[in-house]
Structures are given as structure tokens and as C-alpha cells.
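Chain residues, written in single-letter form:
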Amino acid sequence: MGLSRLAALHGVATSYSPSPDVTVSVPDDTVIAVLAALGVDAGTPADVRKCLAAAESRSRLLPPTVVVWAGEPLPSALAGLPPGSTVTVEPEPSDSSGHPAGRPPAPLSMRARAAGPAPGAPAGSPAPGSPAADAPGTAPGETAETAEGVVPPRGDEAAAPAPPAWWIPPPHGVHRIHVRTPDNRRATATLVAAPPRVPQPPERTHGFLVQLYSLLSARSWGMGDLGDLTDLAVWAGRSVGSGFVQVNPLHAAVPGKPTDPSPYRPSSRRFPDPVHLHVESIPEYGHVRDRATLDDLRQDAAALSEAVLNKGALIDRDAVWELKRQALELVVRVPLTPGRRADYCDFLAEQGQALEDHALWCALAEVHGPDWHTWPEALRDPRSPGTARARSELLDRVDFHCRLAWLTAGQLAAAQRAAEDAGMGVGIVHDLAVGVHPAGADTWSQQEAFAHGMSVGAPPDAFNARGQDWGLPPWRPDVLAATGYAAYRGLLRGLLAHAGALRIDHVMGLFRLWWVPEGRPPTDGTYVAYDAEAMLAVLVLEAHRARTAVVGEDLGTVAPGVREALARRGVLGTSVLWFERDWEGDGRPLAPEKWRRDCLATATTHDLPSTAARLTGDHVALRHRLGLLTRSLEEELTEDATDTAEWLALLARLRMLPEGDGDEEAAVRAVHRFLRRTPARMTGVWLPDTVGDRRPQNLPGTWDQYPNWRLPIADPEGHPVTLEEITASPRLHALMEVLRPRKPHTAPPGERRP
């Protein structure tokens, strides 16, 4: 009982429910190991009693981080302050756009008063925001973590009472709040003041989903790059009326031979990978004097592309980077013009210590290898004297990697500007991976923020009885709260700087993550809760500052209340056609009018079969060849064919398949015609679907058995196709025609020209 209570106080679950009617107990050894990773010693019963007594005896006037939502009731931590308490808010400095900068404004001083019943409330009603008005231990608008998941706040928030009269709302931002009670108790905390919702995308828009590396053009250096992304966005916006292009995470990868090709296991999520640079677009490129070397490198790059496009070779990220690195070494020797130098200096000042740490890790990795755990002991601490000496010795290499970060950020910004200029209402949708590589730059420079000896994964479920271990160390929720979510804020600010929208992989991780102790199977993991109110508030605040929409990938096991909490804050969900069924009714495909409005609707993702493969059953045959099926081939094919037939029958009943059965291209168009009929705000088209590609980009559960993350987009026969061929494809244009909104014959009233 003591261990369970101690675990609950630290957000560690001692049981979980893989399905509504099943509860599984977490092994005590797992709970003890997870508590240890949070700095809590529960190794013996005596240790448990000691830690429990210490935890329960602590009385905090304020939690480390407090959240207030604009126009909503105060959290109980503030609403429940003793009357007469003085409250002082020190607002963060901000520039005209709301970003932190400049001189801080004057503090806001106020005095808490006893709260009365809300206007119109029945006699005897508890005061809004008082502990009696809240669920036990839960502030208004907050979520309570339970063994079953997340309990949504009660009541209609649209009708929620306003904050009390004594409260002076601070500007949106991350501030410091100081409280002194009449009996002279004092407390200081971080105050996150957030708008109620993230910005929303245009009412209805469609766009492409693509893994950027797979999108080779005639000018690529062996893999797709930011020049190709810009070209795709401009063409899509101008030629087919698309509103966005969503790409895979462009985070910096861990260098190595071979480099881990997965974009979802990066070295750093804070900075982009310069392998995505379009080298010829760098202004200094044209002034390199050693043209012969550049020409040789371009010929080698053309050979790489030729091998991928016409000789069956896989995309070789390491070979691409080696050529680009050599070219970039020449480019950075060209002196910057005064204007370019000023821009670079501003970038260095804006990024500060975070960029310096990242660049130093890159420089040290060139000398000592990509796993900082194996470096000389003095270099394992980013703040040690030995590391400071190494920084001085490697100053040129540190500047090289800083320069690459600046150049990449510049091309990311150019891609977004080009998308907007092409008429896109959203632009580039960037992707945030759920975590980072344990040996990479982020875990080295932010060691205190990560739970060492732990890995993020997923519990056993109906689809994977063994659970999953993703090999990504999780953030410590206690450190995040104690530091005012500084690491999280910095991460989001960097990603949103050049984004039209942000996709968050496994968005349920804002609420809880499945932690797996090192050396143990995923079945021996447990859930650890995060302060979802704070995580959401920071997300909403940074998205508001950047004026970007947010899409959460909420597929798979989702705890009760999570989707509702996300929707309340304007975070769109993700709906994949094949998974949208009436699960609470007859289990049949969900009619288009019953789909949720606030989502990105699509037919597939990078982890799922292409639409053509799904319709033909090719994906089952592929998994059979690789030995991944858990049942006989006949059983799998029968179930898959039944599932597909139900969807095709619905499409036929809705008159979306006029060509009848047996026409694969027509069926793909019908699927997207269906998606367009749903109320979804955003409709995503998997770019490989437009040319009939049958191969998945990633096949979960495989490593060497399948070339994950290394395939170019291909036609139905598996022959790679270039960006130029894709955009000229009749199949693509026929598909996109079904998504093009029908223009009225006459302009609506008020929009007609005189």
C-alpha cells in the first residue's frame, strides 16, 4: 500500500487497462525502478516509509508551475489562496509580436479576496475555483490522471465563469508569480498564461503528406531536400490548390556509418539536419573558387541519384551527407557579406547556449564518435572545465556546425514563405518526433531533464502482445515542472519558427508515457503521468505566438478524455479511413457525416500500407514474406478482404465509385472522394498514393528485413519516379480533381465586382 501511495504521489501508475474490462498490475520492481529514475529511493520498505513521510509532510503554497487560461476560472492553487494574500506577477519581457525580448513590463500586484458564488449560482453553491468545486485534487480545467487514463473536466467550459474580480490577467507568456499570505508564508512559481486555443487552419483545406528524403527531383543529391520541398509546395499551391505539405521530422540525426535512417530517433529535436540543405541555393555557393571540386561533387551526387532512380539502389543518407559535407566545407570559407554576417550574428544571439551546445556536440562527435557515453569522462559533462577547453580547441568546427544550423533554418523559412506566396493557407506542416536518441546531442546537453535508464514505448495490446520499446529516453516530468518547462518551450519555439502547422507524433505523450526500465521487456513497463495542463498551455502559447495550427497523432490506444482535452484546446486529431468504424455500435465503416470535424483526415500514413496496397491486399502478402503474420496467410487475407469489401460497398452505396469494381485507380479516387465529404478541416493525400506506389515507407516490427526510411517514391511497378514525373502524372491530376472544391457559377453576394 505504501509503495502504491508513493508511486501515485509521483505520477507512476501501479496498474493499467489495455482494454475496458481488463486491469493489469505493474510489477513492484518496475515501480521501484521508475521511482529511482525520478530521484525517489523506494528500494526497501523503510525507504518507502521515509520517502512517503517526506512527500506527505511537504506543504506547498504553489506548485512549481501554475497555468492560467485567458478568460477561464483560476486554478485552485490561486483561487484557494487565503483572503488577503498578496500576489505579484512579474511579466516576461516581450517584443511587439509577443515573443520574449526587451525590457520587462511593470509587475502586476493584486490582493486575493474570498471568492463568492458565481452570478446566478444556486444558494449554497461552492465558489468557482474553490477546492469544493473541483474534482478531488484537480483544478478547474485541469485533468486528473487515473489508472484508466485522463478524466476530462466537468461541465461546459464555454459557459465557465470568468476569473475573480481581484485577478489582473497578465499578458500571454511565461512569467514569475510571487505569493505572500497574511501569516507570512511565501511562494514563487512559474506562471504560464495561455490563450484558450491554438490557431485554427482554414475551414477546409487539402494537402500532401510526404517523407522528404523519398522525394527526389532531377537536381537532388541522392535524396529529397529543402529545394525539392519548396518546389513541391509552390507547385501544389499554384497548380492543384493545396493548402499544405506535411513532411517527416527534419531533426538532426545521430551521425554514424550507417546512420540510423529513422527520422523519429534523432540526435536533437531542437535543430534541423543540414543533410536537407539544397546546396546550390546557398548564396555563397556561387562564389566558391574551387569550381572543379564542386563540379566533381555534383557529378558524384548525380550518380547517387541515378543509382536510386534507375538502378534499384536504396537512398544512402551517409553517402549524400559525405558529398554535401565536402561541398559545405568549401561554401563556408566564402566570406559573408555585411548583411549576411549581421543575420548570422542575430541567429547566434537568438539561439544562444542551446545552439552552442548542439554545435559542440557535433564537433566532439567528429573526434570521439557519436555516443557521448563513450567519450573521455571530462567531456561527458557539457559544463565541465574539460569541455570548455575542448570548445576552445574546436572553435572552427563549432562555428561550422553553427553555420550549418543557420543555413538550414534559412531554407526552412524560405520554404514556408514560398508556400504562403503560392496561396497555401497553412504551408509546411513540420513533424515533432516523440523523443530523441539516448546517445545524441539533446541527452548530452540536457542530461538533468531526461530519465536515464528508461525508454519510451507502448504497453501490450491486441495488436502487439509483447509491447514496444522505442529506445527513446523520456523527459522527467518533475524536472520539466521545476524549470518552468524551459526545455519544452525552447523545443517548440524552434520548430514553430518556420512552420505553417505542427504535427505531434504520439500526442498522447503530453498526458502520459509508457516507461520501460533498461534491460526489461516492454511488458514490464508502466505509465508515468505528465502535467497535461502545463504541457498543453505551453503548446497553445507557443503556437499562438507563431500563429500556427497543431495536429496531434492520436492513433492507437488513447486514454479516456485525452481527445476531448486536445479538442478543447484546438489541437486537431488524426483520422485514418481504415480505422474509422462505429466501434460503439455495429463496427461497420463510419459514414462521412459522422467523422469529427477537427482533424486531419487521410487514407494512410508512413507506418501503414499505401492505399493501392491496402485495396489489393499486397500489404498482407508482404508481411507474410517477412514472417510477420501471427495467423495463417489465409486467415489474414480473408479478414483483410472482408474489411476492404465493406469500405468499397459503402463507397458504392454513396455513389462515389461510378467506375464499379476492379478499377484500382478509381477506387483510390473514391477513397479520397469520401475523405472530402467528411467535415474534416484538413484532408491529407499520401503523395505516393498519387502515382500508385504499393510499398510502405516504414514497416513497424522490422529492421534489416525491410528497407525502412530508404525508399524513393515509385510507380505501381516499383520504378522510382521524380518530382517532375509526379507533378506531370495524369493519375495524380485525376486524383486531385476529386479534392478540388467546386466553384460556384456566380460569385456570392458581397463578393461580386461592381
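Provided above is the structure to which this section pertains.
A few points on the structure.

Basis of the calculations
- Residues numbered from 1 in each chain as written.
- Predicted model: local features only at pLDDT ≥ 70, side-chain atom pairs only at ≥ 80, totals over all residues.
- Heavy atoms only, no water.
- Buried < 20%, exposed > 50% of the residue type's maximum accessible area, 1.4 Å probe, protein only.
- Helix = DSSP H or I, 4+ residues; strand = E, 2+ residues; numbered from the N terminus.
- Pairing = 2+ DSSP bridges.
- Salt bridge = Lys/Arg side-chain N within 4 Å of Asp/Glu carboxyl O.
- Disulfide = S-S within 2.5 Å.
- Phe/Tyr/Trp six-rings, centres within 6.5 Å; stacked < 30°, edge-to-face > 60°.
- Lys NZ or Arg CZ within 6 Å of the ring centre and 35° of its normal.
- Axes fitted to C-alpha atoms, helices over the stretch in contact; angles between N-to-C directions.
- Contact = heavy atoms within 4.5 Å.
- Polar contact = N/O pair within 3.5 Å; in protein donor to acceptor, adjacent residues only side chain to side chain.
- Left-handed = near helix turned anticlockwise from the far one by under 90°.
- Nonpolar A, V, L, I, M, F, W, Y, C, P; charged D, E, K, R; others polar.

**Remarks on the pairing of strand β19 (residues 526-529)**
(1) Moving on: Burial along β19 is two-sided: Thr526 and Val528 facing one way and Tyr527 and Ala529 facing the other are all buried.
(2) Moving on: Summarising the sheet, strand β18 (residues 512-517) and β19 pair through four bridges and their orientation is antiparallel. Note that in β19 the partner of Trp515 across the bridge is Thr526.

**Some words on the pattern of salt bridges**
(1) Moving on: In this structure the tally under the stated criterion is 38 salt bridges.
(2) Moving on: Put simply, Arg298 and Glu280 hold a salt bridge, and the shortest N to O gap is 3.6 Å. Of the two residues, Arg298 sits in helix α6 (residues 291-310) while Glu280 sits in the loop between β13 (268-272) and α6, which places them 18 residues apart along the sequence.
(3) Moving on: Three or more residues joined by partner-sharing salt bridges are found here, namely Glu322, Arg325, Glu329, Glu366 and Arg397.

**Looking at the state of the cysteines**
(1) Moving on: This model, assessed by the stated rule, comprises zero disulfides.
(2) Moving on: Cysteine Cys362 remains unbridged, with the sulfur of Cys402 as its closest cysteine sulfur at 9.0 Å.
(3) Moving on: When its relative accessible area of 16% is taken as the criterion, Cys362 is described as buried.

**Structural notes on the packing of aromatic side chains**
(1) Moving on: Enumeration according to the criterion identifies 13 aromatic pairs in this entry.
(2) Moving on: Measuring from ring centre to ring centre gives 5.6 Å for Tyr264 and Trp709, while their planes differ by 45°; the resulting arrangement is tilted. Of the two residues, Tyr264 is situated in the loop between β12 (251-252) and β13 and Trp709 in the loop between β23 (682-686) and α20 (723-727); the sequence distance between them amounts to 445 residues.
(3) Moving on: With a relative accessible area of 9%, Trp709 lands in the buried category.
(4) Moving on: Ring geometry for Trp578 versus Trp647: centroids 6.2 Å apart, planes at 75°, classification edge-to-face. In this pair, Trp578 sits in the loop between β21 (573-576) and β22 (599-602) while Trp647 sits in helix α18 (residues 633-653), placing the two residues 69 residues apart along the sequence.
(5) Moving on: When its relative accessible area of 5% is taken as the criterion, Trp578 is described as buried.
(6) Moving on: Each residue in the set Trp578, Trp595, Trp647 and Phe674 is aromatic and connected to the rest through ring pairs, giving one cluster.
(7) Moving on: Cation over ring: Arg291 sits above Tyr285, and NZ or CZ is 5.3 Å from the ring centre.
(8) Moving on: Cation over ring: Arg512 sits above Tyr527, and NZ or CZ is 3.6 Å from the ring centre.

**Overview of the sheet that holds strand β10 (residues 205-210)**
As a general point, the strands of a sheet are linked pairwise by backbone hydrogen bonds and lie either parallel or antiparallel.
(1) Moving on: Ordered in space as β20-β17-β14-β11-β10-β23-β22-β21, the eight strands form an open sheet in which the pairing is parallel. In this open sheet, the two strands that pair with only one neighbour each are β20 (549-552) and β21. Taking each pair of neighbouring strands and ignoring which way they run, the sheet shows an average axis angle of 25°.
(2) Moving on: Sheet topology places β10 next to strand β11 (residues 244-247); four bridges connect them, and they run parallel. Residue pairing across strands places Val210 opposite Val247, the latter belonging to β11.

**Looking at the environment of Asp715**
(1) Moving on: Along the polypeptide, Asp715 turns up in the loop between β23 and α20.
(2) Moving on: Sequence separation between Asp715 and Asp693 is 22 residues; the distance between their C-alpha atoms is 4.9 Å.
(3) Moving on: Beyond its immediate stretch of four places on either side in the chain, Asp715 contacts Val691, Gly692, Asp693 and Val721.
(4) Moving on: A polar contact of 2.9 Å, which involves the side chain of Asp715, links it to the backbone nitrogen of His719.

**Observations concerning unusual backbone geometry**
(1) Moving on: With an omega dihedral of 0°, the bond running from Lys257 to Pro258 counts as a cis peptide bond.
(2) Moving on: For Pro258, the position within the fold is in the loop between β12 and β13.
(3) Moving on: The backbone phi angle of Arg547 is positive, close to 60°, even though this residue is not glycine.

**A closer look at the packing of helix α19 (residues 664-677) against helix α21 (residues 730-737)**
(1) Moving on: In contact at an axis separation of 9 Å, α19 and α21 are set at 35° when each is read in the N-to-C sense. Considering how the two elements wind past one another, α19 and α21 form a crossing that is right-handed. Here α19 contributes Glu664, Glu665, Val668, Arg669 and His672 to the contact with α21, which in turn contributes Arg731, Ala734 and Leu735.
(2) Moving on: By residue class, the composition of the contact of α19 with α21 is three nonpolar, one polar and four charged.

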